[in-house]
Every structure is written in C-alpha cells, then in structure tokens.
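Listed here are the chains, written in short residue letters.
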Amino acid sequence: MYENEKQNQFGRSMIEMLGVLAVVAALTIGGVIAFRQAMNKNRSNTLVDGITHTVNNVKTLFIKQDQYEELSTDEAYELGIVPDTFKHEADKITHAYGGEVKIQAKTTSDGQTYYAVAVKGLPRDVAMHIATQDWGGSGDLVSVNLNDGNEEEEEGED
C-alpha cells in the first residue's frame, strides 16, 4: 500500500546542512578574530593611558619639588604617581602584558636631572603603537627601544 502512495518529504540534504555549518563556522572565526583584536587594542590603549598618566604625574612632582633628585619605582608607587592599571608586585611594577615598568631619575655630570619611564616586555606591535602616538609635541617621548628581552642592560657610572 505504501508503494503506491506518493510521500512528500520536506527536509534538507546533507550538502545543504554542511553549507550552513560552513557559514556559521566562518562567522564564528571572524567574530573571535575581531574580539581578540579589540581586546589587544584595549590593552594597548590602557597601557598608553597608564604611561601618559605616569609621565604627567612625574612632571608634576618634579615641578613642585626642585630639589628632588632621585625617584625609585617603589617611591613612585607609594606616592600614587603610578595608575592602578599597573600592578605592584614584589618590588616591581608590571603592566597588562606582564612586562616591567620602571621610573628612573638620573643626574648628569653638568647637574641636569632627567626622568624616564621605561616600559619593558611589550609585543612589537604595541611598542610601535606607543611610538606612533601623538605625544602633543612636548618632547616627552624621547626614545622607544625594541628588544626581545634577552639583551642585558649595561649599568655604568654617570
């Protein structure tokens, strides 16, 4: 009896289902990539904001205190110069990428004191982002050094 009856089937073929799955997979991968890029951009912008905040606070501190010749990273943290986006752990300050942030004050032989915020452990693209920021033409950014973290720092006497 069933052989003579015409059956109407309303279903999808396996090829159609695979096509739908391929489109969903492509959209998911695109979303994950866009999300990852947005998170990296956010971390990078947060780092730039933290560096800018630190530089401005160091300048304000030294404008108010002409006699202040040295400033350690620990003192900077205790004085509130360093923003909360940087973490203070075991006598060092770290940023979102896990690298170290150092605040240095040095006096040259002719009595000029300069101050530096050194940021280590950055991915190359983030370092380039920092280097290409508009720092307002104030000359606050003196240099950006890129290395893979394996180079040894040379400590010399001034």
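None of the values given here were measured: they were computed from a predicted structure.

Participant: Quick question: what am I supposed to make of the side chain of Thr54 here?
Facilitator: Tracing the chain through its elements places Thr54 in helix α1 (residues 14–64). Thr54 gets classed as buried once you look at its relative accessible area, which sits at 1%. Contacts of Thr54, omitting those with residues within four sequence positions, involve Ile81, Val82, Pro83, Phe86, Ile103 and Val117.

Participant: Mind showing me how you'd approach the pairing of strand β3 (residues 100–107) here?
Facilitator: Moving residue by residue along a regular strand, the side chains alternate between the two faces of the sheet. Across two bridges, the pairing between strand β2 (residues 92–94) and β3 is antiparallel. Pairing of Thr94 across the sheet is with Glu100, part of β3. Connecting β2 to the next strand, β3, in antiparallel fashion are five residues, including Gly98 with a positive phi near 90°. Examined bridge by bridge, β3 and strand β4 (residues 113–119) share seven bridges and lie antiparallel to one another. Along β4, the bridge assignment pairs Lys106 with Tyr114.

Participant: Explain α1 to me, please; I cannot follow it from the model alone.
Facilitator: Think of an α-helix as turning once every 3.6 residues; residues three or four places apart then point the same way. The terminal C-alpha atoms of α1, which comprises 51 residues, lie 75 Å apart, in line with the 75 Å expected from a rise of 1.5 Å per residue. Of the surrounding elements, those touching the buried residues of α1 are β3, β4 and α3 (124–131).

Participant: What should I look at first to understand the sheet that holds β4 in this one?
Facilitator: What the four strands build is an open sheet, ordered β1-β2-β3-β4; its pairing is antiparallel. Looking at which strands have only one partner, the edges of the open sheet turn out to be β1 (87–89) and β4. Across this sheet, the average inter-strand angle for adjacent strands is 35°, counted without regard to direction. Along the sheet, α1 makes contact with β3 and β4, crossing β4 at roughly 160°.

Rules of the game
Residues numbered from 1 in each chain as written. Predicted model: local features only at pLDDT ≥ 70, side-chain atom pairs only at ≥ 80, totals over all residues. Heavy atoms only, no water. Helix = DSSP H or I, 4+ residues; strand = E, 2+ residues; numbered from the N terminus. Buried < 20%, exposed > 50% of the residue type's maximum accessible area, 1.4 Å probe, protein only. Contact = heavy atoms within 4.5 Å. Pairing = 2+ DSSP bridges. Expected span 1.5 Å × (residues − 1). Axes fitted to C-alpha atoms, helices over the stretch in contact; angles between N-to-C directions.

These figures come from the coordinates and say nothing about function on their own.
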